Every structure is written in C-alpha cells, then in structure tokens.
Amino acid sequence: GPQINSLHRGVDIVVGTPGRLNDLLERKVLNLSEIKTVVLDEADEMLNMGFVEEVEKILTTTPSERQTAMFSATMPARIRKLAERFMRDPQTVNIKRATLTLTSTEQRYYLVHESDKTNALTRLFEIEPIHSALIFARTRAETAALSNELVVRGIPAEAIHGDLDQHARERVLGRFRTNQLKVLVATDVAARGLD
C-alpha cells in the first residue's frame, strides 16, 4: 500500500527486487516508459536466484534509449548475453583491490566432516571469546536447523532468511544488535541486505 501510494504521488527513483517491480508493472501502478536510467545491481546473484527472466521482462518495458548500468561480482555467460541484448555498446570496468580482506580481520578455516560441523562450531563458542557471530548457511532450512541446534546447546541464536517479512527481520536484527542473540544464522541472500 505505501509503495503504491508513493508511486501515485510520483517519484524520481524506484529501487526494487525483480519480483516486486514486475508485480507493480502487472498492477499498472509502475510505468517505466519514461525511464532514463536502469541500474542492475548484483546481476550475478539475480542469475543464481533465477530472476533473469523477470529482469528481462522489466527491461522490455523500458525505452531502448535508456542508460543501463550493471554491477556484478562475476560475469557469467548468461549475464554477458543479458548485457549484449539490453545494453548499447557496453563497456566493462573491472575493479581489483590490492587486498581482499581487512587487516583487522583474522581469518581461519577448519576442515571438518559434514557430520561434525555443529560440534566443531559449538566447541569454537566454548573456547573462543566470541561476542557475536554471523553464520552463513546455504538454505533456509539449514538456517533454521542450525539456529535451533545452537539454542538447544545453550547458545542464543536465530535464523534470518528471505521467508521472514520485514518486521520479523527487524525484530531479529534488533535482538542481535542489543546482544540478546549471540548468533545470527543467515542465508547469503538474506545477509546481503544487512548493514
């Protein structure tokens, strides 16, 4: 409702997920026929999540003379094809950092069997002075299972993923910020929007 009201009043910039933008286009609430610039952020992630068809659908509703910018950590063939189809004379800008990690970040890894992961993680919480932690899991189900197992083992944890509505996500993040939670278990998709 608030989004539709804002669009009716008129806006200069619209930021949205492919699904939401297509929903607004289908409802005839969003009109992109006069758009001057389109920015596709995290293009490779949209491909991995299966949103390329939705992005193509959105781009076909925009004027062909628009400016298009695409940001992507990687440039798989499907993203290159998307660029060739919807961009005029696209230029590639590669950015490489001298170092990929912060000097203040200590990194370690442990090789453990799949069946030993939770035990190894629990042991780390027992022996390391970990104030708070963000743990990534591959799927929503894995975030729920791991956070539940950590709670059973006495470690305050909650899962955050794309199925949670915005209010639920904000409540979980609020508990994490105020140290009511020691561990936040997230899918990489959910974590991309965390500040």
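Right above here is the structure, for reference.
Residues numbered from 1 in each chain as written. Predicted model: local features only at pLDDT ≥ 70, side-chain atom pairs only at ≥ 80, totals over all residues. Heavy atoms only, no water.

A. Structural view of the overall build of the protein chain. Tallying secondary structure elements over the protein chain gives nine helices and five strands in all. When its helices and strands are written in sequence order, the protein chain yields α-α-β-α-α-β-α-α-β-α-β-α-β-α. A compact globule built from 195 residues should have a C-alpha radius of gyration of about 16 Å, whereas the protein chain, at 21 Å, is more than 25% larger. Across its three principal directions, the C-alpha atoms of the protein chain cover 60 × 40 × 30 Å. (Helix = DSSP H or I, 4+ residues; strand = E, 2+ residues; numbered from the N terminus. Rg over C-alpha atoms; globule rule 2.2 N^0.38 Å.)

B. A look at helix 6 (residues 117-127). By the burial criterion, the buried members of helix 6 are L121, T122 and F125. What you see down the axis of helix 6 is that its buried residues fit within an arc of 100°, all on one side. Contact partners of the buried residues in helix 6: strand 3 (133-137), helix 7 (140-152) and strand 5 (183-187). (Buried < 20%, exposed > 50% of the residue type's maximum accessible area, 1.4 Å probe, protein only. Arc of directions from axis to C-beta. Contact = heavy atoms within 4.5 Å.)

C. Fine view of the side chain of R66. Along the polypeptide, R66 turns up in the loop between helix 4 (52-59) and strand 2 (67-70). Only 2.9 Å separates the side chain of R66 from the side chain of T68, close enough to count as a polar contact. Reaching out from R66, the side chain makes a polar contact with the backbone oxygen of F86 at a distance of 2.7 Å. Those residues within four positions of R66 in sequence are excluded, and the remaining contacts are I35, K36, V38, L59, F86 and R88. (Polar contact = N/O pair within 3.5 Å; in protein donor to acceptor, adjacent residues only side chain to side chain.)

D. Representation of the side chain of E56. With respect to the element layout, E56 can be found in helix 4. Setting aside residues no more than four positions away along its own chain, E56 makes contact with R78, L82, R85 and F86.

E. View of the pattern of salt bridges. Per the stated rule, a full pass over the model turns up nine salt bridges. With a closest N to O distance of 3.2 Å, R27 and D23 form a salt bridge. Of the charged contacts in the structure, one is a salt bridge between E149 and R153, with a shortest N-O distance of 2.7 Å. For R153, a relative accessible area of 32% gives the class partly exposed. (Salt bridge = Lys/Arg side-chain N within 4 Å of Asp/Glu carboxyl O.)

F. Representation of the nonpolar core within the structure. Membership of the largest hydrophobic core comes to 14 residues, with the highest contact counts inside it found for L40, V55, L59, M70, I79 and L82. Among the secondary structure elements, those contributing two or more residues to this core are strand 1 (37-40), helix 3 (43-48), helix 4 and helix 5 (77-86). If near-sequence neighbours (up to four positions away) are discounted, I79 is found in contact with A43, D44, L47 and M70. (Core = buried A, V, L, I, M, F, W, Y, C linked by side-chain atoms within 4.5 Å.)

G. Just the packing of helix 2 (residues 18-26) against helix 4, in detail. Two elements in contact, helix 2 and helix 4, have axes separated by 9 Å at closest approach and are oriented at 40°. Taken together, the axis directions place helix 2 and helix 4 in an arrangement best described as oblique. Both helix 2 and helix 4 take part in a crossing whose hand is left-handed. For the pair formed by helix 2 and helix 4, the contact residues are P18, G19, L21, N22, L25 and E26 on the first element and E54, V55, K57 and I58 on the second. Class assignment of the residues belonging to the contact of helix 2 with helix 4 gives a composition of five nonpolar, two polar and three charged. (Axes fitted to C-alpha atoms, helices over the stretch in contact; angles between N-to-C directions. Parallel < 35°, antiparallel > 145°, perpendicular 65-115°, else oblique. Left-handed = near helix turned anticlockwise from the far one by under 90°. Nonpolar A, V, L, I, M, F, W, Y, C, P; charged D, E, K, R; others polar.)

H. Main features of the pairing of strand 1. A one-sided burial pattern is seen for strand 1, the buried positions being V38 and L40 and the unburied ones T37 and V39. Sheet topology note: the strand 1/strand 2 ladder contains four bridges and is parallel. Bridge pairing links L40 to M70 in strand 2. (Pairing = 2+ DSSP bridges.)

I. A look at the packing of helix 4 against helix 5. Viewed as axis vectors pointing N to C, helix 4 and helix 5 meet at an angle of 5°, and their least axial separation amounts to 12 Å. When the interaxial angle is binned, helix 4 and helix 5 end up roughly parallel. Judged by residue contacts, V52, E53, V55, E56 and L59 of helix 4 engage R78, L82, R85 and F86 from helix 5. Classifying every residue of the contact of helix 4 with helix 5 by side-chain character gives five nonpolar, no polar and four charged.

J. Representation of empty space enclosed by the protein in the model. Inspection of every chain in the model, using the stated rule, returns one cavity of 30 Å³ or more. In this structure, the largest cavity spans a volume of roughly 30 Å³. Together, L40, A43, M46, V52, V55, I79 and L82 line the largest cavity. Among the elements of the structure, helix 3, helix 4 and helix 5 are those that each provide at least two residues to the lining of the largest cavity. Looking at the lining of the largest cavity residue by residue, the classes come out as seven nonpolar, no polar and no charged. (1 Å grid on protein atoms, 1.4 Å probe; cavity = no way out; pocket = protein on both sides within 12 Å on 5 of 7 lines; lining within 4 Å. Points joined across faces, edges and corners; volume = space filled by probe spheres on them.)

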